[in-house]
Amino acid sequence: MSRFLGSLALIGVVAIVGLGSGYSIRPIRGQAEKRLTDGRVSVLDFGAVGDGKTDDRAAIQAALDAGEEIHFPDVRAFYHVEGALQIGGQNKFGAKRLIGHRPCRGGGAFKGKPPLMQGDGSAPLLLAVGSTNQNRAIELTGLSASNPAAPVLELRSGIDAIVDNCWFSSQRNQDATVKLRESYGVTIRESTINCSGGGFAVTAYQQCNALRIQQCRLGGGDLGGAAHVEQSANVQLANNIVELGVYGLVVSSGIRLDQPESGHVEGAGVCHALRVTGNYFENVQHPLVIATAMNIENHPGQAVFGAVIESNHMSQRSFDFPLLTIGRLRAATIQGNSFWRKSDSKAPAIYATYTRGATPAYPAGCVIEANHLTNGSGAFFLGEDVRLKGETLSQILQTENRVAAPHP
């Protein structure tokens, strides 16, 4: 009987110590096996420290390899990672879910703490490569992370990925904070993504079809932009706030805008079915650039077939550039937008370009109506200063598109 009571006392002490320490101590064997059995693991259970100094890469990678739902508990400092973390699945099922417990609210509020995970900039912090089956249904929820000079997330050949309520930032980066390649059905929602140094917050090249960016805050700093899309179909940007960038949304430019001398982007090509609705562009130098190259001498840009640009607010208080620049655009509806220029602006609200030798070479079949224009003395809709078949491009555009004067 005394031996039985002694065993109970020992179990009680272990239980109290375990409950009091939370994630700071490894669970007893039974708990660890259960957590692995149901697929949920904590990176602390695999040896991550989170003191901001120790390299936690190996411990976090072990948790990623072992579990399906990987938790990053809040810690005193942050998880320091040197190199890349492979977040794709090791088998045909994929389906990794990463959950952070220091989510961001209000753009950068972490309760007085830094981002929960920080890379050293030597490689993408979160990297998914391999087959679409391995990278199927990757989900990032509530993660706050930064990585200098390299992407926070690079997803290749992904399918049905979700980035939800995350905060990602990359400094001194000429590439992108979120880099998507050949990834189908990606949704980025209610997240804050920033990039400084000339890159973009989000880039999506090479058949990133069915891309959704919704209710996010996107910024590209003084040199870069918010989002750059090439050779993708059915892309939607809805209800985002775009601020602090030279470029807002760029589609089918045909060049890397941060490196115009490089000419082509990888896999640059035609985009189909673009939808840009309900976004707020705050003092962005070039809010929307669609189907035209910013440096025409290097590359003509690519075409966009089918677009809806509706109910967006585009404002400029410090710049004097077109708010919407369009080029090789076919079958678009541009309506219900609010264009706000600075009071002495002479730039047109909508500027149409001509790409010599390309087919199509300029916008046609577009309906531009029921828009609102505030401030400035420049024209509402203006074509590039070229002559075709004895007519100016502006005259041809008026006949091949239905352009209605904006509401003052």
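If you're wondering where the values come from, they're calculated on a predicted model, not measured in any experiment.

Calculation notes
Residues numbered from 1 in each chain as written. Predicted model: local features only at pLDDT ≥ 70, side-chain atom pairs only at ≥ 80, totals over all residues. Heavy atoms only, no water. Helix = DSSP H or I, 4+ residues; strand = E, 2+ residues; numbered from the N terminus. Buried < 20%, exposed > 50% of the residue type's maximum accessible area, 1.4 Å probe, protein only. Contact = heavy atoms within 4.5 Å. Areas by Shrake-Rupley, 256 points an atom, 1.4 Å probe, with all protein chains shown as cover. pLDDT = per-residue confidence, 0-100. Core = buried A, V, L, I, M, F, W, Y, C linked by side-chain atoms within 4.5 Å. Phe/Tyr/Trp six-rings, centres within 6.5 Å; stacked < 30°, edge-to-face > 60°. Lys NZ or Arg CZ within 6 Å of the ring centre and 35° of its normal. Lys, Arg positive; Asp, Glu negative; His and termini not counted. Salt bridge = Lys/Arg side-chain N within 4 Å of Asp/Glu carboxyl O. Polar contact = N/O pair within 3.5 Å; in protein donor to acceptor, adjacent residues only side chain to side chain. 1 Å grid on protein atoms, 1.4 Å probe; cavity = no way out; pocket = protein on both sides within 12 Å on 5 of 7 lines; lining within 4 Å. Points joined across faces, edges and corners; volume = space filled by probe spheres on them. Nonpolar A, V, L, I, M, F, W, Y, C, P; charged D, E, K, R; others polar. Arc of directions from axis to C-beta. Pairing = 2+ DSSP bridges. Axes fitted to C-alpha atoms, helices over the stretch in contact; angles between N-to-C directions.

With that settled, the discussion passes to the overall build of the chain. Looking only at helices and strands, the chain features four helices and 37 strands. Counting only residues that meet the buried cut, the chain has 54% of its 408 residues in that class. In the chain, the proportion of contacts linking residues at least 24 apart, taken out of those at least 6 apart, comes to 75%. Put simply, the chain shows about 17,300 Å² of open surface, and 52% of that area lies on carbon and sulfur atoms.

We now examine the confidence of the model for the chain. The predicted structure's coordinates, where accompanied by low pLDDT, should not be read in detail. Averaged over all residues, the pLDDT of the chain equals 85, while 82% of them reach at least 70. Note on residues 1-31: pLDDT under 50 across the span, and 14 contacts to partners over four residues away in sequence or across chains. In the predicted structure, residues 260-264 sits below a pLDDT of 50 and forms 10 contacts with residues beyond four places in sequence or in another chain.

A few words now on the nonpolar core. Across soluble globular proteins, nonpolar side chains have a tendency to be buried as a group. Counting 88 residues, the largest nonpolar core has Phe72, Tyr79, Met117, Leu126, Leu140 and Phe168 as its most contacted members. Broken down by element, this core gets its largest block of residues, four residues, from helix α3 (residues 57-66). Setting aside anything within four residues of it in sequence, one finds Tyr79 in contact with Val43, Leu44, Ala48, Gly50, Asp56, Ile60, Phe72, Pro73, Leu116, Met117 and Gln118. Among the nonpolar cores identified, the runner-up in size contains five residues, and Phe200, Tyr247, Val250 and Val289 belong to it.

A few words on the packing of aromatic side chains. In this structure the tally under the stated criterion is four aromatic pairs. When the centroid spacing of 5.9 Å and the interplanar angle of 80° are considered together, the rings of Phe72 and Tyr79 count as edge-to-face. By the burial criterion, Phe72 is buried, and Tyr79 matches it. The positively charged end of Arg330 is found above the aromatic ring belonging to Tyr362, 5.8 Å away from the centroid.

What follows deals with the side chain of Lys96. If you trace the backbone, Lys96 turns up in the loop between β4 (85-86) and β5 (97-100). No salt bridge is formed by the buried Lys96; its nearest oppositely charged neighbour, Asp65, is found at 5.8 Å. Here the side chain of Lys96 touches Gly67 through a polar contact of 2.6 Å, landing on its backbone oxygen. For Lys96, the residues in contact, after removing those within four places along its chain, are Leu64, Asp65, Gly67, Glu68, Ile70, Ile87, Gly88, Gly89, Arg136, Ala137, Ile138 and Glu139.

Taken as a whole, this structure holds one cavity of 30 Å³ or more when the rule is applied. Volume-wise, the largest cavity comes out at about 50 Å³. Lining the largest cavity are Ile87, Ile138, Leu140, Leu153, Leu155, Ala161, Ile162, Val163, Leu180 and Val186. Put simply, the parts of the chain that give the lining of the largest cavity at least two residues each are β10 (153-156) and β11 (162-164). The residue makeup of the lining of the largest cavity, split by class, is 10 nonpolar, no polar and no charged.

Looking only at helix α4 (residues 393-400), the buried set comprises Leu393, Ile396 and Leu397. Down the axis of α4, the buried side of the element spans an arc of 100°, and every buried residue falls inside it.

Here we take up the pairing of strand β22 (residues 247-251). The buried count for β22 comes to five of five residues, which makes it a mostly enclosed element. Sheet analysis places strand β19 (residues 225-229) next to β22, joined by four bridges and oriented parallel. Paired with His228 across the strands is Val250, a residue of β22. Direction of pairing for β22 relative to strand β25 (residues 286-290): parallel, over a ladder of four bridges. Residue pairing for β25: Val250 is matched across the bridge by Val289.

Looking now at the side chain of Thr277. When you line up the elements, Thr277 lands in strand β23 (residues 271-277). The contacts of Thr277, once residues within four sequence positions are left out, are Leu237, Ala238, Asn239, Val308, Glu310 and Asn312.

Right, let's get into the pattern of salt bridges. Within the structure shown, the criterion is met by 11 salt bridges. Put simply, Asp74 and Arg102 hold a salt bridge, and the shortest N to O gap is 2.7 Å. Placement of the pair is Asp74 in the loop between β2 (69-72) and β3 (79-81) and Arg102 in the loop between β5 and β6 (117-119), with a sequence separation of 28 residues. For Arg102, a relative accessible area of 3% gives the class buried. Among the salt bridges present, the one from Lys342 reaches Asp344, with a minimum N-O distance of 3.8 Å. Look at Lys342 and you get partly exposed, because its relative accessible area is 23%. Residue class for Asp344 comes out partly exposed when judged on its relative accessible area of 47%. In this structure, a network of salt bridges that share partners links the residues Glu69, Arg97 and Glu139.

With parallel pairing, 11 strands are arranged side by side in an open sheet as β4-β7-β10-β13-β16-β19-β22-β25-β28-β31-β34. At either margin of the open sheet sits one strand with a lone partner, and together these are β4 and β34 (381-383). Across the sheet, α4 is in contact with β31 (350-352) and β34; its angle to β34 comes to roughly 125°.

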